[in-house]
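Chains, contacts and geometry: an overview
Take a look at the letters that make up each chain.
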Protein chains: 2
Amino acid sequence: MAPGSGGGVSRRRLIGGAGAAGAAGLVLGAAGGAGGYAATRDDVPAALTTIGSTEEMFHGKHQPGILTPLQARGHLIAFDLAPGAGRKEAAALLRRWSAVAERLMAGRPSGDGAGHDTGVALDAGPSSLTVTFGFGRTFFDRTGLVARRPAGLDPLPSFSSDHLDAKRSDGDLWVQIGSDDALVAFHALRAVQKEAGEAARVRWQMNGFNRTPGATAEPMTARNLMGQVDGTGNPKPAESDFEKRVFVQAGDAAHAWLEGGSYAVVRRIRMLLDDWEKLTVDRQERVIGRRKADGAPLSGGTETTEMDLDKAGPDGRLLIPDNAHARISSPEKNGGAAMLRRPFSYHDGLSDDGTPDAGLLFICWQADPFRGFVPVQRKLDRGDALSPFIRHEASGLFAVPGGTAPGEYVGQRLLEG
Amino acid sequence: MAPGSGGGVSRRRLIGGAGAAGAAGLVLGAAGGAGGYAATRDDVPAALTTIGSTEEMFHGKHQPGILTPLQARGHLIAFDLAPGAGRKEAAALLRRWSAVAERLMAGRPSGDGAGHDTGVALDAGPSSLTVTFGFGRTFFDRTGLVARRPAGLDPLPSFSSDHLDAKRSDGDLWVQIGSDDALVAFHALRAVQKEAGEAARVRWQMNGFNRTPGATAEPMTARNLMGQVDGTGNPKPAESDFEKRVFVQAGDAAHAWLEGGSYAVVRRIRMLLDDWEKLTVDRQERVIGRRKADGAPLSGGTETTEMDLDKAGPDGRLLIPDNAHARISSPEKNGGAAMLRRPFSYHDGLSDDGTPDAGLLFICWQADPFRGFVPVQRKLDRGDALSPFIRHEASGLFAVPGGTAPGEYVGQRLLEG
């Protein structure tokens, strides 16, 4: 079950009524609020307004935006520390960012004074906003913390299919923003940029989207822009080894700051849709190894049926072809390696050559990228039938610290430890 | 009341359950459907699924997408007829496009055969999808129909503040797509492109968004990326002259094909947000002439209170400054000219100079652009306090034929008349 399919809902609550002011923490039922309505936690309005009133918790064991169900809108933004900025400035920045993330996720304005907020999120509730912070490999050089850089941030290997644009890859700092409302997400993006102040400069920025909650009759695994069900093979929170696969466990004292954290591998994967859409559905299904309509493996069953990788058809050929994407990326073919994929689709209009500049902002979460993403991508790189239809255009690897307790800021245990 | 504020809801219905296959016209409760559930019109699922199950009607007096409430996601795409294509090819194209629009708006797949649909909208309901078609000035040259070109398609005048990119302006044909689900909208965009076939080539394409329904506790006028309530002054469907202002009326025999139609002026208006956000809220409010929190005029009252353009403060100065945007664009200052603004916001990431490439895909609808958009824009061009913070980067003017009866295609009365 993918994060978007209703599993893994954690630390969220519905607040009474949407509306930025009405949603101000526990001060509900108070006068004022842009909508002018009073709301309490007992009178959650029916129907659609749960989109606005759903609040994700900033504090917790893990940062938000990892187990949060897929959101309809997302922004990824990477920063480099400004020349001259070091550990002290980074600590102050993470303190500011954590404060603004906590405020915005609760549906409150970004600053203390009226002039500090752009107003773009006014009227709306928190709308499942999450803000997630990570550190790139270069962050540790810049802050004099190389001795505490974990091996998980070693550079990713090169893959033969990579066409990476360095300007849209990597970065000292990475921020992932998600919300079910596009204006709430944009508001958070601008607030994060503003709080960067003189300490950090934007390196790259990307926009993405997923289904709107309620567009399907019941929560379902997401589809990508190839029309394929995407996320079926994700580890499930109910599985006994889920936490161990996705989050860094206690152990290594040098990296205690990363306990409860995770690694995010971010790849901008362009889909060559003009080519893909020329294939028949039958051919597309053999490239993937799953049925398009419902994501069931070609070996039979429903979406959640285990793939039977050895099953052959009447002609003796494997039902799930040797080079099918689902076979090669299957955990059983990768020593049980697993990563929690939690992507956004992207569509940036037309490329100069007239083809759609669209695809997947692939984001996967794992306790160790060299046991999660890397071995799977190595295999895919060698023989994935999907390769001719995709192109990895940008890449990033970020260590995402664990969640915070009230009063603590993200990364504090690293920066002040 | 803006289209997004719940007024002007016309010709829409809720179908039982979301799901592309389950939503196939009246064949509800049938076996199959991607989700495998049966649905009838009597058992509309509660809560969120009304986002997916809302269906806009393709046929009617007017085309859909004009009076439809603002949708969360939009695509604008302009085409030029291919070299050699004329009236006959254009007629065939509009017939294909009308057929696919009708199918998709009903939540059905785009083609007859399985191979013809990308599958991107599978599982989702129609999600308020609308597809709207318009003709640019050059369309009439290309199809030998210059004699039937209405004066409303005369070129727009130049404005001193224009910084128009010809490559992203104009076009023989224009299609507006809107949906509350991003994948449903993208699916329609690709289907429209595919049906263009050899008859027309994409000239430009833009993506936009609005609030997600339910992000606010109740329907409200939209906000733009400056954080301003935007759409308050729109004509209201309940007003006696609404139809006359927005839609072309019966009368001129040469243009009978346009009866029930409208003109769309499309402007890509970049917002210089880095500059705008430096202003205090007080200063922003004097630029606009309305309060940021609730859109009420600075002369007092609530959002819907009429502006008192002559009211002065204790210091003798006008409360709504002489060059305030709301004053200059006010219908009473423009001979009653009115247009129905129905925009999408856009955000295409970072510009090369590091500023956000974001703003408004301004779309306004009127019976006569030379009595609607043009006089207002002329005035704004001379003295709008907002001018330093925006830049018109692209422009289009399109005649949008009236709606169709079953069996008819959009523009048929022009192309076969």
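Presented here is a report on the structure given in the accompanying data block. Keep in mind that this is a model prediction, so the values were computed, not measured.

Now for the interface of chain B and chain A. Counting from both sides, the interface comprises 64 residues of chain B and, opposite them, 64 residues of chain A. Counting the surface lost from both chain B and chain A, the interface buries some 5,200 Å², and carbon and sulfur atoms represent 57% of this. For the pair chain B and chain A, the number of links is eight salt bridges. Residues B:E277 and A:R190 are paired through a salt bridge, measuring 3.0 Å at the closest nitrogen-oxygen approach. At the boundary of chain B with chain A, the tally comes to 28 residue pairs in polar contact (both at pLDDT 80 or more). Sorting the residues of the side of chain B that touches chain A by element identifies helix 1 (50-53), strand 3 (73-81), helix 4 (182-196), strand 6 (200-209), helix 6 (273-276), strand 9 (344-350) and strand 10 (356-366) of chain B as the ones contributing at least two each.

Turning next to the relation of the copies chain B and chain A. The second copy of the chain is related to the first by a rotation about an axis and a shift along the axis. In screw terms, the move from chain B to chain A is a rotation of 180° and a rise of 0.0 Å along the axis, fitting with an RMSD of 0.0 Å. Taken together, the rotation and translation describe the operation of a two-fold axis. Looking at the interface residues of chain B, 100% of them are also at the interface in chain A, so both copies use one shared face.

Further remarks concern unusual backbone geometry. Excluding glycine, most residues fall at negative phi; most peptide bonds, likewise, are trans. All names here are of chain B. Of note in this structure, D123 is not a glycine but carries a positive phi near 85°. Unlike most non-glycine residues, S127 shows phi in positive territory, near 55°. Position of S127 among the secondary structure elements: in the loop between helix 2 (87-105) and strand 4 (130-135). S127 gets classed as buried once you look at its relative accessible area, which sits at 0%.

A separate point is the side chain of B:H62. Topologically, B:H62 is positioned in the loop between strand 2 (54-56) and strand 3. For B:H62, the side chain forms a polar contact with the side chain of B:E243, separated by 2.9 Å.

Residue and element names in this part refer to chain A. Considering all chains together, one arrives at 54 salt bridges over all chains under this definition. A salt bridge links R413 to E408, with the shortest nitrogen-to-oxygen separation between them at 2.8 Å. Among the charged side chains, a salt-bridge network with shared partners connects D165, K167, R168, R268, R270, D348, D357, R391 and E393.

Moving on, we come to the pairing of strand 7 (residues 262-271) of chain B. Residue and element names in this part refer to chain B. With respect to burial, strand 7 is a largely interior element, 10 of its 10 residues being buried. Looking at chain direction, strand 7 and strand 11 (residues 390-400) are connected through 10 bridges and run antiparallel. Bridging across to strand 11, Y263 finds its partner in A399. Taken together, the eight bridges between strand 7 and strand 10 define a ladder with antiparallel strand orientation. The partner of R268 across the bridge, within strand 10, is L361.

Moving on: the environment of B:A82. Along the chain, the position of B:A82 falls in the loop between strand 3 and helix 2. When the C-alpha atoms of B:A82 and B:G197 are compared, they prove to be 9.6 Å apart, with 115 residues separating the residues in sequence.

About the cut-offs
- Residues numbered from 1 in each chain as written.
- Chains lettered and ligands numbered in written order.
- Predicted model: local features only at pLDDT ≥ 70, side-chain atom pairs only at ≥ 80, totals over all residues.
- Heavy atoms only, no water.
- Contact = heavy atoms within 4.5 Å.
- Buried area = accessible area lost by both parts, 1.4 Å probe.
- Salt bridge = Lys/Arg side-chain N within 4 Å of Asp/Glu carboxyl O.
- Polar contact = N/O pair within 3.5 Å; in protein donor to acceptor, adjacent residues only side chain to side chain.
- Helix = DSSP H or I, 4+ residues; strand = E, 2+ residues; numbered from the N terminus.
- Least-squares fit on C-alpha atoms with pLDDT ≥ 70 in both.
- Buried < 20%, exposed > 50% of the residue type's maximum accessible area, 1.4 Å probe, protein only.
- Pairing = 2+ DSSP bridges.

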